[in-house]
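The lines below spell out each chain.
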Amino acid sequence: MRTPNTAPTQGELERQNQFMQKIAALNEKMERKPRFFINTFGCQMNAHDSEKINGMLQKMGYEPCNEEKDADLIIYNTCCVRENAENKVYGNLGYLKHAKKDNPNMKIALCGCMMQQPTVIETIRKKYRHVDIVFGTFNLYKLAELIWTNIESGSPVFDIWDKHGEIVEDLPAVRKYKYKASVNIMFGCNNFCTYCIVPYVRGRERSRHPDDILKEVRTLAADGVKEVMLLGQNVNSYGRGLDTEITFARLLRMINEVDGIERIRFMTSHPKDLSDELISAMAQCDKVCDHIHLPFQAGSNEILKRMNRRYTKEHYLELINKIKTAIPDIAITTDIIVGFPGETPQDVDETIDVVKKVRFNGAFTFIYSKRTGTPAAEMPNQVPEEEAKANFNRLLDAVNPIVYELNQKKVGNTYKILVDGVSSDPLYVTGRTEDNTLVHFKGCKELIGEIVNVKITDCKTFYLIGELQ
Ligand code: 5AD
Ligand code: SF4
């Protein structure tokens, strides 16, 4: 691993532009444009990074294709939050070894969180020698330079940094949707929850300057974007360490003023940092959606303490009460882990108690996955898989009926839906309410990107069915 250079942001971008131009000139001479395929694993942060990779590659003269088998350049943007995401990458890489025998010109690049782990790099060097380019989470913007080095040298290029350099602004990006976009407001995480690998692979917290964020949001609005999703591992601590006085609540109020933007979402919030100031900003800003994703992870205070979450069950419930009082229609979603080391069925009862008291509109539920290098991996009493699964099923039996009941309450009401795309049945389109519930209704693809009124006629556990008004 290398420690990053700290070249000035603007200069670095110009350097990368020169590499992009050199590659574009090479690609122009090809019989046809070379094709790329990006396989993105993990969270919205990775999905957004893939939009930047897409933007850079198109600037280099590559064109996107829909299937891996048609690609000349395959990029895996990886995740390591849980073991199964890693196993999928290794499985696919095994398959690509054969594909590369049939097409020796195919290039394979790996990036993202998994690549920040030295043991992974060792494994790739030893067992997956057909990989051409490997980079990490801190030097994504160097993609053009890495591709150029690989072309020139004809040898594999590994470039992994052990910490972040400057935030590089203004990378080109090709957005997946025309009318909605993600915006990074900060990178990294300082919380060190004991089960979580993220702080080790995404580095320390650093916030983007509000002027840069606002400039990006204004540009997006001018480009037809109606909904922005503000991304950070812990948005509630936005602004710490900047040379200007700013909080996340103030940032929300500033973005709320941008003409053209109609919906503002954000994730993820950490309960320990969620301020009264933020709750007021959410209640008062008309464009901020009535939805908060507030992971609680576990209900037992003993487990929360060993997870290093720095709040108690009581504090979390109090916070929820405050939010529901200030914003009565708010939808609350969460993340929950079952099977943390030492967790007993009684501890899981505490988690289920929180589920029943809060009544979440949705929950991402996970079985604890041991991540080498995190403190929890060294803790005694790792929970046997069978026991974790039984507790996990008990948890789902508590979560799902509540989600269904909350959805059922929406039947008969009319909501504003931002239409996202065509459903699996081509006569139907899908979209989301302001509180982020998925809705299917009869409509044509011309509605995509529009905000329309839909009356809810029926509901399932994970989505609603409606009629266009
Ligand atoms: N095992 C299982 N789930 C995890 N998460 C983070 N680390 C782990 C792990 N080691 C979950 C948390 C987090 C979400 C993004 O992923 O619930 O909020
Ligand atoms: Fe991981 Fe905790 Fe940081 Fe979230 S807040 S990214 S769970 S360490």
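Residues numbered from 1 in each chain as written. Chains lettered and ligands numbered in written order. Predicted model: local features only at pLDDT ≥ 70, side-chain atom pairs only at ≥ 80, totals over all residues. Heavy atoms only, no water.

Can you break down the overall build of the protein residue by residue, with the values?
Of regular secondary structure, the protein possesses 13 helices and 19 strands. Compactness check: the protein gives a C-alpha radius of gyration of 23 Å against a globular reference of 23 Å for 469 residues, within 12% of the reference. Looking at the 469 residues of the protein, the share that counts as buried comes to 54%. Look at the contacts in the protein between residues 6 or more apart in sequence, and 75% of them connect residues 24 or more apart. (Helix = DSSP H or I, 4+ residues; strand = E, 2+ residues; numbered from the N terminus. Rg over C-alpha atoms; globule rule 2.2 N^0.38 Å. Buried < 20%, exposed > 50% of the residue type's maximum accessible area, 1.4 Å probe, protein only. Contact = heavy atoms within 4.5 Å.)

Before we move on, could you go through the packing of helix α7 (residues 210-222) against helix α8 (residues 248-256) and cite the residues and values that matter?
Each pair of packed helices can be summarised by the angle the axes make with each other and by the distance between the axes. Where α7 meets α8, the axes come as close as 10 Å, and the angle between the chain directions of the two elements is 30°. In terms of orientation, α7 and α8 fall into the roughly parallel class. The hand of the α7/α8 crossing is right-handed. Contact residues: α7 offers Pro210, Ile213, Leu214 and Val217, while α8 offers Leu251, Met254 and Ile255. (Axes fitted to C-alpha atoms, helices over the stretch in contact; angles between N-to-C directions. Parallel < 35°, antiparallel > 145°, perpendicular 65-115°, else oblique. Left-handed = near helix turned anticlockwise from the far one by under 90°.)

Give me the pairing of strand β16 (residues 428-432): which residues, what numbers.
With 4 bridges joining them, strand β15 (residues 414-422) and β16 adopt antiparallel strand pairing. Residue pairing across strands places Leu418 opposite Arg432, the latter belonging to β16. Where β15 hands over to β16, the hairpin turn is made up of 5 residues, counted between the paired strands. Sheet topology note: the β16/strand β17 (residues 438-442) ladder contains 5 bridges and is antiparallel. Counted as the bridge partner of Val429 is Phe441 from β17. (Pairing = 2+ DSSP bridges.)

I'd love a proper account of the pattern of salt bridges, names of residues and values included.
Applying the stated criterion across every chain yields a total of 26 salt bridges. Put simply, Asp353 and Lys313 hold a salt bridge, and the shortest N to O gap is 2.7 Å. A residue pair is termed long-range when its members are at least 10 positions apart, and Asp353 in helix α12 (residues 345-358) and Lys313 in helix α11 (residues 313-326) qualify at 40 residues. Lys313 gets classed as buried once you look at its relative accessible area, which sits at 10%. A salt bridge links Lys357 to Asp353, with the shortest nitrogen-to-oxygen separation between them at 2.8 Å. Of the two residues, Lys357 and Asp353 both sit in helix α12, 4 residues apart, roughly one turn of that helix. (Salt bridge = Lys/Arg side-chain N within 4 Å of Asp/Glu carboxyl O.)

Could you give an account of the site of ligand 2, naming the residues involved and the relevant values?
Taken together, Cys189, Asn191, Phe192, Cys193, Tyr195, Cys196, Val198, Pro199, Gln233, His270 and Arg309 are the residues near ligand 2. Classifying every residue of the shell around ligand 2 by side-chain character gives 7 nonpolar, 3 polar and 1 charged. (Near = heavy atom within 4 Å. Nonpolar A, V, L, I, M, F, W, Y, C, P; charged D, E, K, R; others polar.)

Could you give an account of the sheet that holds strand β14 (residues 362-367), with specific residues and numbers?
Working definition: the strands of a sheet are paired by backbone hydrogen bonds and lie parallel or antiparallel to each other. Strand order in the open sheet made by the 3 strands is β12-β13-β14, with parallel pairing throughout. In this open sheet, the two strands that pair with only one neighbour each are β12 (291-293) and β14. Strand-to-strand twist of the sheet, defined as the mean angle between neighbouring strand axes without regard to direction, takes the value 10°. Alignment of strand β13 (residues 331-338) against β14, held across 6 bridges, turns out to be parallel.

Run through helix α13 (residues 385-408), naming residues and quoting values.
The terminal C-alpha atoms of α13, which comprises 24 residues, lie 34 Å apart, in line with the 34 Å expected from a rise of 1.5 Å per residue. Among the residues of α13, Ala388, Asn391, Phe392, Leu395, Ala398, Val399, Ile402, Val403, Leu406 and Asn407 are the ones counted as buried. Packing partners of the buried residues in α13 comprise β13, α12, β14, β18 (451-459) and β19 (464-468). (Expected span 1.5 Å × (residues − 1).)

Give a detailed account of the domain arrangement of the protein, specifying residues and quantitative values.
How big an interface is tends to be reported as the loss of accessible area on association of its parts. Taken domain by domain, the protein consists of domain 1 (12-159), domain 2 (175-289), domain 3 (298-406) and domain 4 (414-468). Placing a centre on the C-alpha atoms of domain 1 and another on those of domain 2 gives a separation of 28 Å. Between domain 1 and domain 2, the contact holds 14 residues from the first and 18 residues from the second. Interface area for domain 1 against domain 2, summed over the two sides, is near 1,300 Å², with a carbon-plus-sulfur share of 58%. Per-residue buried area on domain 1 facing domain 2 is highest for Gln44, Met45 and His48; these three make up 42% of the total on that side. Viewed at the interface, domain 2 and domain 1 are joined by 1 salt bridge. The interface formed by domain 1 and domain 2 holds 6 residue pairs in polar contact (both at pLDDT 80 or more) in total. Taken together, the residues of the side of domain 1 that touches domain 2 sort by class into 5 nonpolar, 6 polar and 3 charged. (Domains from an automatic or database assignment. Buried area = accessible area lost by both parts, 1.4 Å probe. Polar contact = N/O pair within 3.5 Å; in protein donor to acceptor, adjacent residues only side chain to side chain.)

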